[in-house]
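These are the residues of each chain, in order.
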Amino acid sequence: ALQRTLLPKLPSFSIWSAGRDGKRFYRSLSQENRRKVVAFLDVDPGKLAAGQYYDKETKVHVPIVPWTSAGEARFQPTIICVKRGLHAGFEENLASLS
């Protein structure tokens, strides 16, 4: 539904979660919508240290940046792919951005 209704109207967006769910969502996107993803946002030091996700299909490197970047205009809007209650502090992190 997002691909038919919301994403065609967006020039770009980011995905909050460079983990399993965020990458699964990314891979479910059409190539056209994948090209609109400017970054993955995450809290995990390991994912941040990797610095990027390489899409083998489109041969594109998508940056992985700190979640605090979600407040920056270039990373908005952000589609959140995090299960509520799974990560301690997630709701507080999200609320701190407003």
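See the structure shown above.
Reading the values: rules and limits
Residues numbered from 1 in each chain as written. Predicted model: local features only at pLDDT ≥ 70, side-chain atom pairs only at ≥ 80, totals over all residues. Heavy atoms only, no water. Buried < 20%, exposed > 50% of the residue type's maximum accessible area, 1.4 Å probe, protein only. Helix = DSSP H or I, 4+ residues; strand = E, 2+ residues; numbered from the N terminus. Pairing = 2+ DSSP bridges. Phe/Tyr/Trp six-rings, centres within 6.5 Å; stacked < 30°, edge-to-face > 60°.

1. Notes on the pairing of strand β3 (residues 52–55)
Side chains Y53 and D55 project from β3 onto a buried face, and the interleaved Q52 and Y54 project onto a face without burial. As paired elements, β3 and strand β4 (residues 60–66) share four bridges and run antiparallel to each other. Bridge assignment links Q52 to a residue of β4, and that residue is P63. Here β3 hands over to β4 after four residues, with K59 in that stretch at a positive phi of 60°.

2. With respect to the packing of aromatic side chains
For the structure shown, the criterion picks out four aromatic pairs. Ring geometry for Y26 against Y53: centres 5.6 Å apart, planes inclined by 85°, an arrangement best described as edge-to-face. Taken together, the positions of Y26 in helix α2 (residues 20–28) and Y53 in strand β3 put the pair 27 residues apart, joining distant regions of the chain. No difference in accessibility class separates Y26 from Y53, as the two residues are buried. Site record: aromatic cluster; members linked through ring pairs are Y26, F40 and Y53.

3. Section: unusual backbone geometry
Backbone torsion omega between Q76 and P77 reads -5°, so that peptide bond is classified as cis. Within the fold, P77 resides in the loop between β4 and β5 (78–80). One non-glycine residue, S17, adopts positive backbone phi at about 130°. Its location among the elements puts S17 in the loop between β1 (13–16) and α2. In this structure, K59 is a non-glycine residue whose phi angle is positive, near 60°. By secondary structure assignment, the location of K59 is in the loop between β3 and β4.

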